[in-house]
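One-letter residues, chain by chain:
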Amino acid sequence: MAGMFSTKGRYALRIMSDLATHPGWVSLGDVSKRQGISRKYLEQVVSLLHRAKLVESARGKGGGYRLTRRPEEYTLGQILRAAEGSLAPVACLDCTNDEICPQVTTCLTVGMWRDLGAMTAEFLDSRTLADITRPQSEGD
């Protein structure tokens, strides 16, 4: 089964985690090396984060990207929504989807998918970037 989130969402979390653990201006080349993600793809993902004002950029020597606020002030849900557009577990619940399923009003499974989406959003909105960047202790 394919995952619920695309590589854009997963990489967005990795980029943001990298920036959170490397304060100051960080070049995409450095992020690319540390994360093992192509620079070209990083540019696409970071542009989504920049558009959502989750990161800021500076050109020139010593420039790069950095967080616009403290890691504790970002929820994982915000980051994933910036990259994915939606946290809907299935396309028929994605309000950005132009092609709504004609069965959505009679589908017996739509309620379950709606509940899963709500649980997922609640979980991701209760966790912060700081939560995933601080060292994990045994048993976490």
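All of the points below concern the structure found in this document. Residue numbering note: each chain is counted from 1, following its sequence as written. Local features in this predicted model are restricted to residues of pLDDT 70 or higher, and side-chain atom pairs are both shown and tallied only at a pLDDT of 80 or more, whereas totals for entire chains, interfaces and linings draw on every residue. Each side-chain value is worked out from all heavy atoms of the structure, with water and hydrogens disregarded.

**Observations regarding the pattern of salt bridges**
- Should a side-chain nitrogen of Lys or Arg be within 4 Å of a carboxyl oxygen of Asp or Glu, the pair is scored as a salt bridge. The tally for this structure, following the rule as stated, stands at 7 salt bridges.
- Between Glu56 and Arg66 there is a salt bridge whose closest N-O contact spans 2.7 Å. With Glu56 in strand E1 (residues 55–58) and Arg66 in strand E2 (residues 64–67), the pair connects residues that are 10 residues apart, well separated along the chain.
- The class for Glu56 is partly exposed, based on a relative accessible area of 30%.
- Note that Asp131 is salt-bridged to Arg134, the shortest N-O span being 2.8 Å.
- Residue Asp131 is classed as partly exposed on the basis of its relative accessible area, which comes to 27%.
- Look at Arg134 and you get partly exposed, because its relative accessible area is 44%.
- Overlapping salt bridges bring together Arg70, Glu72 and Glu73 as one network. The helix and strand labels rest on DSSP assignments: H or I over at least four residues marks a helix, E over at least two residues marks a strand, and numbering proceeds from the N terminus. For each residue, the accessible area found with a 1.4 Å probe, counting protein chains only, is set against the maximum for its type, and the residue is called buried under 20%, exposed over 50%, and partly exposed in between.

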